[in-house]
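Report on the structure
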There are 2 protein chains.
Amino acid sequence: MKVSAKGEYGVRAMAILALEFHEGPLPLRVIAERENISLQFLEQIFLPLRRAGLIESVRGAKGGYLLAKSPDQIRVGDILRVLEGPIAPVECVGKGSGKVCDRSDACLTRGIWERLRDSMSEVLNDITLADVINMSAD
Amino acid sequence: MKVSAKGEYGVRAMAILALEFHEGPLPLRVIAERENISLQFLEQIFLPLRRAGLIESVRGAKGGYLLAKSPDQIRVGDILRVLEGPIAPVECVGKGSGKVCDRSDACLTRGIWERLRDSMSEVLNDITLADVINMSAD
DNA sequence: TTAATCCTGATCATTTTACTCGGCTTTATC
DNA sequence: GATAAAGCCGAGTAAAATGATCAGGATTAA
């Protein structure tokens, strides 16, 4: 029941972009050094984030990445959904995953996973990047 | 952010033991057939559950397994903790895992994972096997 | 022109997962 | 006492996921 490194690094990196929201584009190299993450792995993570419209890129020298929206408009859940797929403890209660098991009415445990999913979603949809950088500012 | 098959099967199997709480010991073969799970995989799952004191076994012919406590005394979280380790979205906030990262105060994202962990624990500690079999009885 | 940076598909080693195998021990029943 | 049903348990294994790395191209500021 763990977040993948991809998801964890993604959230960390996005938090840094949020800190630097008013500066120009931030190159991945800086984030990679600061967080001790492989540059090439970070590139892999930023690709889907950009395609999902959470960040924007500036190519060429002096280029880098910046948030596509203000920090209070980006929820941690948004980031994780892009990097890890639907937030759900089991496939069969994943919204938008399409895969529902055939015996959902006979399933004793479905209710558990639905409650867990809702609780997880609620937390992750409630925390924005603005919250993240404020939490640690205290 | 998924529960493993081990965890999922474990909860399903325990729910069935809860349904049969007043009958004698239930052999794994029955659960395996009912839930379409490999018998030998189930055996692997039941071993740690027994060692953790959640179930008791009766050996020999007419043997099987039964809950060690009444269904309302066994929480879904108890089962998952045995089968999957501490309930935590990242290692470094796992209670009892011992591994805390060295820069926990500098970590921007720790607060997220703590909130998520608490919310997950709360749900899973709140649902007992008695709840599970009642949910679907409605 | 050069260097910095993003862009992207491919590949790869390791770990984890979800099982399977084989064989032993215990016990009710015939 | 023989047999069959069941639990006990360490070891092995194939496939998938994970966490990267590689290689090279495209874009742009200086």
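What comes next is a walk through the structure. None of these values were measured; they are calculated from a predicted model.

Residue and element names in this part refer to chain B. Orientation of helix H1 (residues 5–19) relative to helix H3 (residues 39–51), taken along the N-to-C sense of each, is 75 degrees, at an axis distance of 10 Å. Taken together, the axes of H1 and H3 are roughly perpendicular relative to one another. Along the contact surface, H1 presents Ala5, Lys6, Tyr9, Gly10, Ala13, Met14 and Leu17, while H3 presents Phe41, Leu42, Ile45, Phe46 and Leu49. Across the contact of H1 with H3, the residue classes tally to 10 nonpolar, one polar and one charged.

The next subject is unusual backbone geometry. The backbone of Asn36 of chain A sits at a positive phi, close to 60 degrees, despite the residue not being glycine. In this structure, Lys62 of chain B takes a positive phi of about 60 degrees despite not being glycine. Classification of Lys62 of chain B as exposed rests on a relative accessible area of 80%.

Now for the interface of chain A and chain B. A common way to report how large an interface is uses the accessible area buried once the components associate. Each partner contributes to the interface: chain A provides 35 residues, whereas chain B provides 35 residues. Interface area for chain A against chain B, summed over the two sides, is near 3,400 Å², with a carbon-plus-sulfur share of 69%. Of all residues in chain A, Met1, Lys2 and Leu108 of chain A bury the most surface against chain B, accounting for 23% of the area lost on that side. Between the two partners, chain A and chain B, sit two salt bridges.

Below, the discussion takes up the relation of the copies chain A and chain B. Superposition of chain A onto chain B requires a rotation of 180 degrees combined with a translation of 0.0 Å along the rotation axis, giving an RMSD of 0.0 Å. The transformation just described matches what one would write down for a two-fold rotation axis. Among all residues of chain A, the one whose C-alpha sits closest to the rotation axis is Met1 of chain A, at a distance of 2.5 Å.

All names here are of chain B. In this structure the tally under the stated criterion is four aromatic pairs over all chains. The interplanar angle of 80 degrees and the centroid separation of 5.8 Å between the aromatic rings of Tyr9 and Phe41 together place this pair among those described as edge-to-face. Taken together, the residues span a long stretch of sequence, with Tyr9 in helix H1 and Phe41 in helix H3 at a distance of 32 residues. Tyr9 sits in the partly exposed class, given a relative accessible area of 22%. Accessibility expressed as a relative area gives 27% for Phe41, which makes it partly exposed.

Let us now look at the protein's contact with DNA strand C. Neighbouring residues of DNA strand C: 29 residues in total, closest Arg50, Ser57 and Tyr65 of chain A together with Ser38 and Gln44 of chain B. Atoms of DNA strand C within 4 Å of the protein belong to the sugar or the phosphate in 65% of instances, the rest to bases. Separating a phosphate oxygen of DNA strand C from a side-chain N or O atom of Arg29 of chain A is a distance of 2.9 Å. Of the residues forming the surface near DNA strand C, the biggest block, five residues, is contributed by helix H3 (residues 39–51) of chain A. Along the lines of polarity and charge, the residues of the surface near DNA strand C split into 11 nonpolar, 10 polar and eight charged.

With that settled, consider the pairing of strand E2 (residues 64–67) of chain A. Residue and element names in this part refer to chain A. Across four bridges, the pairing between strand E1 (residues 55–58) and E2 is antiparallel. When the bridges of E2 are listed, Val58 appears paired with Gly64. Between E1 and the antiparallel strand that follows it, E2, lie five residues; Gly60 among them carries a positive phi value of about 85 degrees.

What follows concerns the environment of Gly77 of chain A. Residues and elements named next belong to chain A. Within the secondary structure, Gly77 sits in helix H4 (residues 76–84). On the accessibility criterion, Gly77 (0% relative accessible area) is buried. Sequence spacing of Gly77 and Glu8 is 69 residues, and the spatial spacing of their C-alpha atoms is 12 Å. For Gly77, the residues in contact, after removing those within four places along its chain, are Ile87, Leu124 and Asn125.

About the thresholds
- Residues numbered from 1 in each chain as written.
- Chains lettered and ligands numbered in written order.
- Predicted model: local features only at pLDDT ≥ 70, side-chain atom pairs only at ≥ 80, totals over all residues.
- Heavy atoms only, no water.
- Axes fitted to C-alpha atoms, helices over the stretch in contact; angles between N-to-C directions.
- Helix = DSSP H or I, 4+ residues; strand = E, 2+ residues; numbered from the N terminus.
- Parallel < 35°, antiparallel > 145°, perpendicular 65-115°, else oblique.
- Contact = heavy atoms within 4.5 Å.
- Nonpolar A, V, L, I, M, F, W, Y, C, P; charged D, E, K, R; others polar.
- Buried < 20%, exposed > 50% of the residue type's maximum accessible area, 1.4 Å probe, protein only.
- Buried area = accessible area lost by both parts, 1.4 Å probe.
- Salt bridge = Lys/Arg side-chain N within 4 Å of Asp/Glu carboxyl O.
- Least-squares fit on C-alpha atoms with pLDDT ≥ 70 in both.
- Phe/Tyr/Trp six-rings, centres within 6.5 Å; stacked < 30°, edge-to-face > 60°.
- Near = heavy atom within 4 Å.
- Polar contact = N/O pair within 3.5 Å; in protein donor to acceptor, adjacent residues only side chain to side chain.
- Pairing = 2+ DSSP bridges.

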